[in-house]
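# Secondary and tertiary structure notes
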Amino acid sequence: MGRNNGAAVAHGEILLFLDADIKFGNSFLKSCLASFQAAKADMACCLFDTKGMTNHIATIYRIWNRSKKLRSKSKFPDGEGQCLWVKKDVFTKLKGFNKSLRMGEDVDLFHRAAYMGFRYTMLPHAFIPSSRRYEEMGTLRVFLATFFSGIGQILGIKKGNRFSEKLYGGWGMYNRK
């Protein structure tokens, strides 16, 4: 997994994982870093900016924003790896992303961090996520796949959650099988 490899060679105290297809303003990273440090958090995610999206895709991201806010202090925090801030020593203690998971490896990381007592927070900054997956696969299909994957995570079904993978059609390299 590329993210684990990148983290292994990173030299800073804070890791930032960004998806290549997200967008944000010029001061976004500086503002996020300041908020992350002020919050004294171990891990953090940001909110989604839904301006300019079609209504049905914006609705999905608004629901996800609410879920992230509501669950941020629970034992099952909700977040995503599209813009993830984490202290390197915490990432190392968590042994990085679970390489055996095809979906939800970011959520699994949040859950393991919460279980181990690390502090997770939502930063009050928003980025524009890519709607590519929703447009290519269809909103309902992606929503259902990620919903069932999340339920599986909460129920402890991780490696065996092939239903979500099949519904979605696979992730990245797994589409080739």
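Calculation criteria
Residues numbered from 1 in each chain as written. Predicted model: local features only at pLDDT ≥ 70, side-chain atom pairs only at ≥ 80, totals over all residues. Heavy atoms only, no water. Core = buried A, V, L, I, M, F, W, Y, C linked by side-chain atoms within 4.5 Å. Buried < 20%, exposed > 50% of the residue type's maximum accessible area, 1.4 Å probe, protein only. Helix = DSSP H or I, 4+ residues; strand = E, 2+ residues; numbered from the N terminus. Contact = heavy atoms within 4.5 Å. Pairing = 2+ DSSP bridges. Axes fitted to C-alpha atoms, helices over the stretch in contact; angles between N-to-C directions. Salt bridge = Lys/Arg side-chain N within 4 Å of Asp/Glu carboxyl O.

### Concerning the nonpolar core
Cys46, Cys83, Trp85, Leu123 and Phe127 are the most contacted members of the largest nonpolar core, which totals 19 residues. Those elements giving two or more residues to this core turn out to be helix H2 (28-39), strand S2 (43-48), helix H3 (55-71), strand S3 (83-87) and strand S4 (120-127). In terms of residues, this core owes the most to one element, H3, which gives four residues. Setting aside chain neighbours within four positions, we find Trp85 in contact with Ile14, Leu15, Leu16, Leu29, Cys32, Leu33, Phe36, Asp42, Met43, Ala44, Cys46 and Leu123. Ala7, Leu15, Leu47 and Leu84 belong to the second largest nonpolar core, which has 18 residues in total.

### Let's talk about unusual backbone geometry
One non-glycine residue, Lys40, lies in the positive phi region at around 55°. Note that Lys40 resides in the loop between H2 and S2. With a relative accessible area of 62%, Lys40 lands in the exposed category. Phi angles above zero are rare outside glycine, and Lys95 is one such case at about 60°. Its location among the elements puts Lys95 in the loop between helix H4 (88-93) and helix H5 (105-115). Given a relative accessible area of 71%, Lys95 falls into the exposed group.

### Quick notes on the pairing of S2
As a general feature of sheets, a regular strand has side chains that alternate between the two faces. Burial runs high along S2: six of the six residues are buried. Note: S2 against S3, three bridges, orientation antiparallel. Of the residues in S3, the one forming a bridge with Cys45 is Leu84. Sheet analysis places S2 next to S4, joined by five bridges and oriented parallel. Following the sheet pairing, Met43 is matched in S4 by Tyr120.

### Some points on the sheet that holds S4
The four strands lie next to each other as S1-S3-S2-S4, forming an open sheet whose pairing is mixed. Because the sheet does not close on itself, it has two edges, and the strands there are strand S1 (14-18) and S4. Across the sheet, the mean angle from the axis of one strand to that of its neighbour is 20°, orientation sign disregarded. As paired strands, S1 and S3 are joined by five bridges and run antiparallel to one another. Bridging across to S3, Ile14 finds its partner in Lys87. Strands S2 and S4 of the sheet are contacted by H3, whose axis makes an angle of about 150° with S2.

### Details of the pattern of salt bridges
Per the counting criterion, the structure on display carries six salt bridges. As a salt-bridge pair, Arg3 and Asp19 come within 2.4 Å of each other at their nearest N and O atoms. Highlighted residues: Arg3 in helix H1 (residues 2-9) and Asp19 in the loop between S1 and H2, separated in sequence by 16 residues. Of the residues examined, Asp19 reaches a relative accessible area of 22% and is grouped as partly exposed. Asp21 is the partner of Arg132 in a salt bridge, and the nearest nitrogen-oxygen pair spans 3.1 Å. Placement of Arg132 in helix H6 (residues 132-137) and of Asp21 in the loop between S1 and H2 is noted, with a sequence separation of 111 residues between them. Arg132 sits in the partly exposed class, given a relative accessible area of 35%.

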